[in-house]
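# Chains, contacts and geometry: an overview
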Amino acid sequence: MTHAVAAHELDPQIAEALRTVEVKADERTPSTADPLVRDDIAPLRCRSLPIRLYQGPRDDCVIVFFHGGGFVKGDLDSHDSQARMLCEVTGRPVVSVQYRLAPEHRFPGAYEDAVEVVRWVHEHAGTLFAGAAARIAVAGSSAGANLALGAALALASSPSAPVAQLLVCPFTSGDPTLPSRTEFSEGFGLTSRAVEWFIEAYVSDPAQRQDPRFAPVLAENLGVLPPTVLFSSGLDPLRGDARVLLQRLRASGVHVHASEEPTLPHGYFKYAGLSEAAKDAVVRMNTAFRDLLDDWYADVAHPEEELK
């Protein structure tokens, strides 16, 4: 019998995990023998970034994925299962990016990596994945969603502009005055104190918190963004970030498929192996992104249908 969980009551399976074990972003050890997955290097200006390529059966676009970790931690291995599932469910090839981390590389290092690597993948899509179209979608979780969003804004109206984006538990401003920063300040995994620690490790000047490259929700024109899938957590100090972003996206006329998961904490992807609610949310988010890409491709492949 399934336990009925009230809105804004932490999922009991996750609550038990928080009490008894430390759950890392991803316990899976990547398989080096997987012929559909390989590591490579993205040569950017004055630096190179490690990337991991996941081959999918579709070739209409390539998804560039940015991991979470507060701009301070995370790598290709820690979020391997997220990238794999994104590839498996959407059917599209995925490029997972190991961008530079703070405090060794402060703002705007990670932002610049995100913009440049999306542009680079667009230019080399057909080489990275034989026959893949030079079209890009972006995806990310937490700080990675911040970078995906920032890249989509920077490249809007350019040949490398993403055609869609998946944003999960996004960090969009880190505004400490939002109610969720107090309401869920502790007791749900990510704490408000940790959010501030991550921000201080990433920015070198408090004034940078108002820079739209750091806080993309502050960008003047969000209407240039592509159709969006936005999944957020109901029990998250960054819940307010997602709500403000959703409000601004809709006010700007951007098509958004949004879901706020009322019983889940920040970064619930890592609980998918322990919690049925988290697993269900993860499946729904990836399926929604697949459907968005399918709809987009149908419009591109059959534009005459739009005229009927």
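Here, every reference points to the structure presented above.
Report follows, based on the coordinates. Computed from a predicted structure; not experimentally measured. (Residues numbered from 1 in each chain as written. Predicted model: local features only at pLDDT ≥ 70, side-chain atom pairs only at ≥ 80, totals over all residues. Heavy atoms only, no water.)

## Things to note about the pattern of salt bridges
Note the following rule: Whenever Lys or Arg places a side-chain nitrogen within 4 Å of a carboxyl oxygen from Asp or Glu, that contact is recorded as a salt bridge. For helices the rule is a DSSP run of H or I covering at least 4 residues; for strands it is a run of E covering at least 2, with both sets numbered from the N terminus onward. Think of it in three bands: with a 1.4 Å probe and only protein chains considered, a residue is buried below 20% of the maximum accessible area for its type, exposed above 50%, and partly exposed in between.
Evaluated as defined, the whole model comprises 23 salt bridges. In this structure, Arg-100 and Glu-112 form a salt bridge, with 4.0 Å as the shortest nitrogen-oxygen distance. With Arg-100 in the loop between β4 (94–97) and α3 (109–128) and Glu-112 in helix α3, this residue pair connects regions lying 12 residues apart in the sequence. Put simply, Arg-243 and Glu-260 hold a salt bridge, and the shortest N to O gap is 2.8 Å. Of this pair, Arg-243 sits in helix α7 (residues 239–251) while Glu-260 sits in strand β8 (residues 256–265); the two residues are 17 residues apart in sequence, bridging distant segments of the chain. Judged by its relative accessible area of 42%, Arg-243 is partly exposed. Sharing partners across several salt bridges, the network here consists of Asp-34, Asp-39, Arg-52, Asp-77, Asp-80 and Arg-84.

## Concerning the state of the cysteines
As a reminder, the rule being used: Two cysteine sulfur atoms form a disulfide, by the criterion used here, when they sit within 2.5 Å.
Here the structure, examined in full by the defined rule, presents zero disulfides. Cys-87 supplies the cysteine sulfur nearest to Cys-61, a cysteine that is in no disulfide, at a spacing of 11 Å. Exposure remark for Cys-61: the relative accessible area of 0% places this residue in the buried category.

## Digging into the side chain of Asp-11
Note the threshold: As used throughout, the charge tally considers Lys and Arg to be positive and Asp and Glu to be negative, leaving His and the chain termini uncounted. Polar contacts here mean pairs of N or O atoms no more than 3.5 Å apart (in protein, one a potential hydrogen donor and the other a potential acceptor; neighbouring residues in sequence count only if both atoms are side-chain atoms).
Inspection of the secondary structure assignment puts Asp-11 in the segment before α1 (12–20). Despite its burial, Asp-11 remains without a salt bridge, the nearest opposite charge being carried by Arg-19 at 9.9 Å. Within the structure, the side chain of Asp-11 is placed 3.2 Å from the backbone nitrogen of Gln-13, a separation counted as a polar contact.

## A closer look at the sheet that holds β4
Paired through their backbone hydrogen bonds, the strands of a sheet run either parallel or antiparallel. Selection rule: At least two DSSP bridges between two strands are required for those strands to pair. The axes are straight lines fitted to the C-alpha atoms, using for helices just the contacting stretch, and the angles between their N-to-C directions are given from 0 to 180°. Any two residues whose heavy atoms approach within 4.5 Å are treated as being in contact.
Sheet architecture is open: eight strands sit in the order β1-β2-β4-β3-β5-β6-β7-β8, paired in mixed fashion. At either margin of the open sheet sits one strand with a lone partner, and together these are β1 (37–44) and β8. Shown here is a sheet whose adjacent strand axes are inclined to one another by a mean of 20°, direction ignored. The pairing of strand β2 (residues 47–54) with β4 spans four bridges and is classified as antiparallel. Across the sheet, Ile-51 pairs through a bridge with Val-97, a residue of β4. Helix-sheet contacts for α3 involve β1, β2, β3 (62–66), β4 and β5 (136–141), and the interaxial angle to β1 is about 120°.

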